[in-house]
Amino acid sequence: MADFSKESCPSVKNILLLDSEGKRVAVKYFSDDWPTNASKLAYEKSVFTKTLKTNARTEAEITLFDGYIVVYKFVHDLHFFVTAGDDENELILASVLHGFSDSVGLLLRGDVEKRTALENLDLILLCIDEIIDGGIILETDANTIAGKVATNAVDGSVPFSEQTISQALATAREHLARSLLK
């Protein structure tokens, strides 16, 4: 079997969701390139300021900023950003961005604006976790991401095929108890 290392997989440095004023809605960092909260806030402000005058409403835009590739898109009053090293593939990053923005759109039922996003922040954070884990890209299909997030958000249950052995035994025990009580 081939030996895959973290370096051979496309990776992301951070994923940002900012409002129309450049303030955080949901962010997650996957590298130590910004070690302090102040450096993270400064990066967010500078990348927001640099991209503010662009027209990234219909298509995703790509820019090189401070030695990083930044792919971004604006939807209503929300600004979606994906940052990676300058050696990453822009098409893969654009796919991550589209997966993120489209799955948020699906989860928020098309009402992609700051107020709705803040009311459903848990879904957005779960969405980020389904897309990227430790900087490694796991999923980019919006329907799959939204489906997993919606499944976990509705009843907290995990599809049987994705459960651990203890979760599967607990689920079987619950089903058995329900059937005996009927």
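It should be noted that the structure appears before, not after, this text.
None of these values were measured; they are calculated from a predicted model.

Visitor: Quick rundown of the overall build of the protein? Include the residues and the values.
Guide: A count of helices and strands for the protein gives 6 helices and 7 strands. Mapped from its N terminus to its C terminus, the protein presents α and β elements in the order β-β-α-β-β-β-α-α-α-β-β-α-α. Burial analysis of the protein (182 residues in total) assigns 40% to the buried set. The contacts of the protein with a sequence gap of at least 6 include a subset with a gap of at least 24, amounting to 50%.

Visitor: How would you sum up the nonpolar core? Please name residues and give values.
Guide: Among the nonpolar cores identified, the biggest contains 33 residues, and Leu17, Phe80, Phe100 and Cys127 are the most heavily contacted of them. Put simply, the parts of the chain that give this core at least two residues each are strand S1 (14-19), strand S2 (24-29), strand S4 (68-75), strand S5 (78-85), helix H2 (90-107), helix H4 (121-131) and helix H5 (142-155). Considering every element that reaches this core, the biggest residue donor is H2, with 7 residues. With near-sequence residues (within four places) excluded, Phe80 lies in contact with Leu16, Leu17, Val71, Tyr72, Lys73, Val75, Leu97, Phe100, Ser101, Val104 and Val112.

Visitor: Describe the pairing of S2, and please don't skip the residues or the numbers.
Guide: Across 5 bridges, S1 lies against S2 in antiparallel orientation. Following the sheet pairing, Ile15 is matched in S2 by Lys28. Linking two consecutive strands that pair antiparallel, namely S1 and S2, is a turn of 4 residues; a positive phi of about 85 degrees is found at Gly22 within it.

Visitor: If you had to explain the pairing of S1 to someone new, which residues and values would you point to?
Guide: Most of S1 is tucked away, with 6 of its 6 residues classed as buried. Side-chain alternation along S1 places Asn14, Leu16 and Leu18 on one buried face and Ile15, Leu17 and Asp19 on a second face that is also buried. Bridge count for S1 against S5 is 6 bridges, and the pairing is antiparallel. Bridge pairing in S5 places Leu17 opposite Phe80.

Cut-offs used in this document
Residues numbered from 1 in each chain as written. Predicted model: local features only at pLDDT ≥ 70, side-chain atom pairs only at ≥ 80, totals over all residues. Heavy atoms only, no water. Helix = DSSP H or I, 4+ residues; strand = E, 2+ residues; numbered from the N terminus. Buried < 20%, exposed > 50% of the residue type's maximum accessible area, 1.4 Å probe, protein only. Contact = heavy atoms within 4.5 Å. Core = buried A, V, L, I, M, F, W, Y, C linked by side-chain atoms within 4.5 Å. Pairing = 2+ DSSP bridges.

None of the figures reported here should be taken as evidence of function without further support.
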